[in-house]
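# Descriptive analysis of the structure
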Amino acid sequence: MSKDGVFEIENLNVYYGNKQALKNVTCTVPRNKITAVVGPSGCGKSTFLRVLNRMNDLIPGYRVEGTVKLDGEDIMTLDPVVLRKKVGMVFQKPNPFPKSVFDNVAYGPRIHGVKNKEELRNIVERSLKQAALWDEVKGELKKNAINFSGGQQQRLCIARAIAVEPEVLLLDEPTSALDPIATQKIEKLIEELSEKYTIVIVTHNLQQALRISDYMMFFYMGELVEFDETNVMTTNPKDCRTSDYLRGIFS
Ligand SMILES: Nc1ncnc2c1ncn2[C@@H]1O[C@H](COP(=O)(O)OP(=O)(O)OP(=O)(O)O)[C@@H](O)[C@H]1O
């Protein structure tokens, strides 16, 4: 396991009221790698992802114990706005704002104080290029984002997330609402982005995890059962629950 971790997580327990969703999770999320979070429905994948940028903080009854450090700093002591600038998120269903392509991508930088038009134009162009969308939309930056295809909207959401230059991108089932061709484009994009960003992706699709991830975390009933390099876990799983999951005995 890589020693250079972006997140250091220790004894993490997460509750929704009386329901414990994560049980004593301790792990290090490696930097500039793609880590896939897998496991059967309800095992705690999304909860784990949402801990990392405190997305669930406002849910009544939600409670977190343990520590999560980002670059050595406890995320609970960070201003959520600062945390989410460092840790961007893309959701299952593409959710562009009903604004122009340009305004979608410029949204985050504007919130963080960028006013200069030239600078904003450069950020928008750079982010759309990184999200492999520039060539398709460069003549249509004023067009409303909701008029684009689902796959284009999802790449726009990725462009919007990377416009503020985060360290980490959290992807929660980013392709499950997309057709196979759009999925393929996003998978290729994720691999390209991992050169610059740490990526943590929740996916129901084990084949997708195997195709794109460097590391895999397998959760079962709130427990992090196994976390290893993907090729190590798939060739030599250490826990019988992992091997049963990989063999498709449950999904
Ligand atoms: N807002 C909530 N209130 C109460 N319980 C919740 C809430 N969100 C999740 N849970 C419960 O916490 C557990 C973990 O849920 P979570 O969504 O993290 O699992 P998951 O592995 O992402 O599931 P899926 O693959 O079905 O999306 C489940 O038992 C779920 O019912």
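The chain goes by Phosphate ABC transporter, ATPase subunit in an unreviewed UniProt entry, where it is assigned to Kosmotoga olearia.

## Digging into the overall build of the chain
Summing up its helical and strand segments, the chain has 10 helices and 10 strands in all. Taking 251 residues into account, the globule formula puts the C-alpha radius of gyration at 18 Å, and the chain, at 18 Å, falls close to it. Judged by the C-alpha coordinates and their principal axes, the chain covers about 55 × 40 × 35 Å. Restricting the contact set of the chain to residue pairs at least 6 apart, pairs at least 24 apart contribute 67%. When the accessible surface of the chain is summed, it comes to about 11,900 Å², and 49% of that surface belongs to carbon and sulfur atoms. In the chain, which carries 33 positive and 32 negative side-chain charges, the distance between the mean positions of the two groups comes to 6 Å.

## Quick look at the packing of helix α6 (residues 150–162) against helix α7 (residues 180–193)
Relative orientation of the contacting elements α6 and α7 amounts to 20°, with a least axis distance of 9 Å. Considering their axes alone, α6 and α7 lie roughly parallel with respect to each other. Here the hand of the crossing between α6 and α7 comes out right-handed. Only A182, K185, I186, L189 and L193 of α7 make contact with α6, whose side of the interface consists of G151, Q154, R155, I158 and I162. Within the contact of α6 with α7, the residues separate by chemical class into six nonpolar, two polar and two charged.

## Notes on the state of the cysteines
The full count for this structure, using the stated rule, is zero disulfides. Looking at the unpaired C27, the closest cysteine sulfur is the one in C43, lying at 13 Å. With relative accessibility at 8%, the residue C27 sits in the buried group. The thiol of C240 is not disulfide-bonded; the next cysteine sulfur, from C43, is found 16 Å away. Accessibility expressed as a relative area gives 54% for C240, which makes it exposed.

## A few points about unusual backbone geometry
Not every positive phi belongs to a glycine, and N24 is a case in point at roughly 50°. By secondary structure assignment, the location of N24 is in strand β2 (residues 19–30). Using a relative accessible area of 49% as the deciding quantity, one classes N24 as partly exposed. The backbone phi angle of D71 is positive, close to 50°, even though this residue is not glycine. Checked against the element boundaries, D71 lands in the loop between β4 (62–70) and β5 (73–74).

## Some thoughts on the pattern of salt bridges
Following the criterion strictly, the structure yields 19 salt bridges and no others. Of the charged contacts in the structure, one is a salt bridge between R126 and E165, with a shortest N-O distance of 3.8 Å. Here R126 is found in helix α4 (residues 117–130), whereas its partner E165 is found in the loop between α6 and β7 (168–172), with 39 residues between them in sequence. Given the relative accessible area of 29%, R126 is considered partly exposed. Its salt-bridge partner being K143, residue E140 comes within 3.4 Å of it at the nearest N-O pair. Within the structure, one salt-bridge network assembled from shared partners comprises D4, R31, D71 and E167.

## Quick look at the site of the ligand
Close to the ligand lie 13 residues, the nearest being S41, G42, K45, S46 and T47. A distance of 3.1 Å separates an oxygen atom of the ligand from a polar backbone atom of G44. In isolation the ligand has 630 Å² of accessible area, and contact with the protein removes 63% of it. Breaking the shell around the ligand down by element, the ones donating at least two residues are β2 and α1 (45–51). Counting residues per element, the shell around the ligand draws most heavily on α1, at three residues. When grouped by side-chain class, the residues that make up the shell around the ligand number five nonpolar, six polar and two charged.

Conventions we followed
All residue numbers refer to position in the chain's written sequence, counted from 1. Predicted model: local features are reported for residues with pLDDT of at least 70 only, side-chain atom pairs are reported and counted for 80 or more only, and whole-chain, interface and lining totals are derived from all residues. By convention in this description, side-chain values take in all heavy atoms of the structure and omit both hydrogens and water. A run of DSSP states H or I qualifies as a helix once it reaches four residues; a run of E qualifies as a strand once it reaches two. Both are numbered from the N-terminal end. Radius of gyration here is computed from C-alpha atoms only, and the compact-globule reference equals 2.2 Å multiplied by the residue count raised to the power 0.38. Whether two residues are in contact is decided by their heavy atoms, any of which lying within 4.5 Å being enough. We get accessible surface area from the Shrake-Rupley algorithm with a probe of 1.4 Å; when it comes to residues, only the shown protein chains can shield them. In this tally, Lys and Arg are treated as positive and Asp and Glu as negative; His is ignored, and so are the chain termini. Note on charges: their place is set at NZ of Lys, CZ of Arg, CG of Asp or CD of Glu. Note on geometry: axes are C-alpha line fits, over the in-contact stretch for helices, and angles between N-to-C directions span 0 to 180 degrees. Note that the term roughly parallel is reserved for angles under 35 degrees, roughly antiparallel for angles over 145, roughly perpendicular for angles of 65 to 115, and oblique for everything else. For any pair of crossing helices, the crossing counts as left-handed if the nearer helix is rotated counterclockwise from the farther one by less than a right angle, and right-handed if it is rotated clockwise. Residue type decides the class: Asp, Glu, Lys and Arg count as charged, Ala, Val, Leu, Ile, Met, Phe, Trp, Tyr, Cys and Pro as nonpolar, and the leftover types, Gly among them, as polar. Cysteine sulfur atoms that pair up within 2.5 Å are treated as a disulfide. Per-residue accessibility, obtained with a 1.4 Å probe over protein chains only, is compared with the maximum for each type, and a residue is labelled buried under 20%, exposed over 50%, and partly exposed between these values. Should a side-chain nitrogen of Lys or Arg be within 4 Å of a carboxyl oxygen of Asp or Glu, the pair is scored as a salt bridge. Throughout, near means a residue has at least one heavy atom within 4 Å of the molecule or strand. Throughout this description, a polar contact denotes any pair of N or O atoms lying within 3.5 Å of each other; where both atoms belong to protein, one of them has to be capable of donating a hydrogen while the other can accept it, and for residues adjacent in sequence the pair is counted only when both atoms sit in side chains.

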